[in-house]
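Each chain, letter by letter, is given below.
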Amino acid sequence: MLIQTINLGKVYKNGIIALSDINLSIDFGEFVFLTGASGAGKSTLIRLLFREEAPTAGQILIGGRSVIRLTRPEVVRLRRNTGVVFQDFRLMEKGTVFDNVAFALKAVERPWPEIRQRVPAMLERVGLAGRENDNVMQLSGGEQQRVAVARAIINNPLILFADEPTGELDPQTSEELIQLFLDINAEGTTIVMATHDKGIVDKLNKRVITLSHGKLIHDAVGGFVQ
Ligand SMILES: Nc1ncnc2c1ncn2[C@@H]1O[C@H](COP(=O)(O)OP(=O)(O)O)[C@@H](O)[C@H]1O
Ligand SMILES: [Mg+2]
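Residues numbered from 1 in each chain as written. Chains lettered and ligands numbered in written order. Predicted model: local features only at pLDDT ≥ 70, side-chain atom pairs only at ≥ 80, totals over all residues. Heavy atoms only, no water.

Considerations on the sheet that holds strand β8 (residues 190-194)
Adjacent strands of a sheet pair through backbone hydrogen bonds, lying either parallel or antiparallel. With respect to topology, six strands assemble into an open sheet ordered β6-β7-β8-β3-β9-β10, the strand pairing being mixed. Sheet topology places β6 (82-85) and β10 (215-221) at the edges, where each strand pairs with a single neighbour. Between one strand and the next, the sheet's axes are offset by a mean angle of 15 degrees, whatever the strand orientation. Pairing analysis gives five bridges linking strand β7 (residues 159-163) to β8, with the strands arranged parallel. Among the inter-strand pairings, Phe-161 is bridged to a residue of β8, identified as Val-192. Contacting β3 (31-35), β7, β8 and β9 (207-212), helix α1 (residues 42-49) crosses the sheet at an angle of about 150 degrees to β7. (Pairing = 2+ DSSP bridges. Helix = DSSP H or I, 4+ residues; strand = E, 2+ residues; numbered from the N terminus. Axes fitted to C-alpha atoms, helices over the stretch in contact; angles between N-to-C directions. Contact = heavy atoms within 4.5 Å.)

Regarding the nonpolar core
Counting residues in hydrophobic clusters, the biggest one holds 41 residues, and the most contacted among them are Phe-33, Val-119, Val-147, Val-149, Ile-153, Leu-160 and Phe-181. Within the residue set of this core, elements represented by two or more residues are β3, α3 (97-107), α4 (112-125), α5 (141-153), β7, α6 (171-186), β8 and α7 (198-204). Both of domain 1 (3-81 + 157-221) and domain 2 (94-146) provide at least three residues apiece to this core. Residues contacting Val-147, with those up to four places away along its chain left out, are Leu-91, Val-97, Asn-100, Val-101, Leu-128, Val-136 and Leu-139. In terms of nonpolar packing, the next biggest core, distinct from the first, is built from 29 residues, Leu-2, Ile-3, Leu-49 and Leu-211 among them. (Core = buried A, V, L, I, M, F, W, Y, C linked by side-chain atoms within 4.5 Å. Buried < 20%, exposed > 50% of the residue type's maximum accessible area, 1.4 Å probe, protein only. Domains from an automatic or database assignment.)

Things to note about the pattern of salt bridges
Under the criterion given, the structure shown has 14 salt bridges. We note a salt bridge from Lys-10 to Glu-53, for which the minimum N-O separation is 3.8 Å. Here Glu-53 lies in the loop between α1 and β4 (57-62) and Lys-10 lies in strand β1 (residues 3-11), a separation of 43 residues in the sequence. Of the residues examined, Lys-10 reaches a relative accessible area of 9% and is grouped as buried. (Salt bridge = Lys/Arg side-chain N within 4 Å of Asp/Glu carboxyl O.)

A closer look at the coordination of the magnesium ion (ligand 2)
The magnesium ion (ligand 2) binds to the protein through Ser-43 (OG) and Gln-87 (OE1); the donor distances cover 2.0 to 2.5 Å. Taken together, the residues span a long stretch of sequence, with Ser-43 in helix α1 and Gln-87 in the loop between β6 and α3 at a distance of 44 residues. Note on Gln-87: relative accessible area 41%, which makes it partly exposed. (Donors = N, O, S within 2.8 Å, 3.2 Å for Na, K, Ca; no water.)

Topic: the sheet that holds strand β2 (residues 17-26)
The strand order across the open sheet formed by four strands is β2-β1-β4-β5, and the pairing between neighbours is antiparallel. Bordering the open sheet on either side are β2 and β5 (65-66), each of which pairs with just one other strand. Pairing of β1 with β4 involves five bridges; the strand directions are antiparallel. Its bridge partner lying in β4, Thr-5 is registered against Ile-60. Where α1 meets the sheet, it contacts β1, β2 and β4, and its direction lies at approximately 120 degrees from that of β1.

Points about the side chain of Glu-143
Within the secondary structure layout, Glu-143 lies in helix α5. Judged by its relative accessible area of 16%, Glu-143 falls in the buried class. Here Glu-143 is in contact with Leu-128 and Arg-131, once residues within four sequence places are set aside.

Quick look at the site of ligand 1
Surveying the vicinity of ligand 1 reveals 13 residues, the closest of which are Gly-39, Gly-41, Lys-42, Ser-43 and Thr-44. Measuring from a nitrogen atom of ligand 1, one finds a side-chain N or O atom of Tyr-12 at 3.4 Å. Between Asn-14 and ligand 1, the recorded distance is 3.5 Å, taken from a side-chain N or O atom to a nitrogen atom. Bound to the protein, ligand 1 loses 66% of the 560 Å² it would expose on its own. Among the elements that take part in the shell around ligand 1, α1 stands out by supplying four residues, more than any other. Of the residues belonging to the shell around ligand 1, the class tally is five nonpolar, six polar and two charged. (Near = heavy atom within 4 Å. Polar contact = N/O pair within 3.5 Å; in protein donor to acceptor, adjacent residues only side chain to side chain. Areas by Shrake-Rupley, 256 points an atom, 1.4 Å probe, with all protein chains shown as cover. Nonpolar A, V, L, I, M, F, W, Y, C, P; charged D, E, K, R; others polar.)

It is worth stressing that arrangement in space is one thing and function is another; only the former is reported here.
Have a look at this one:
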């Protein structure tokens, strides 16, 4: 099992119970949709799973190891194997498209000739060929989202967490992004994608995990549940 949560819970400092008693298991190679109304806890669950935030109850195991007990170097290793597309993109605002995607390769100390070759190839894959030198703040929301996706997947992560990655995209671009996710899933990356997009979920017939008010209310293969 790749990801397992045991009675996982999160209460924020303001007293909001964002998640309670979440028990789920995700196997290597799965493609999982995470659905639920706004405020249901999707982003919180993703933040807990890649250890950006600590749970207030329960456990998370990645590859059988408790992420709460990882040492600093182990956290670094986990992050290297994990790609994340944030709901708010989190791009380096002063950087170019190239800088933002290259960042992920520099973080794992890839040599410059390799970075120079792989970034344009990745940009082509997300439909941003030739946009290397544009400042990210001059791009549309959908283009920024694709930069965020390129940065998240360029290291061929074992796990990709994507938080509403089609939120800013038109239907056509959205389809292309989903096709890209299906391709990298077929290449072995496990994908957990939070989404509101009923059309995408209904069409793909993948596993759907649904949260409601911080609780897991549905976990089955098939259509959209909210
Ligand atoms: N950093 C935070 N501090 C306090 N409350 C938060 C924080 N982040 C999210 N929440 C609250 O936790 C609940 C779940 O939020 P979130 O995980 O963002 O849901 P979703 O992504 O499904 O919309 C909401 O009630 C939200 O207001
Ligand atoms: Mg969210």
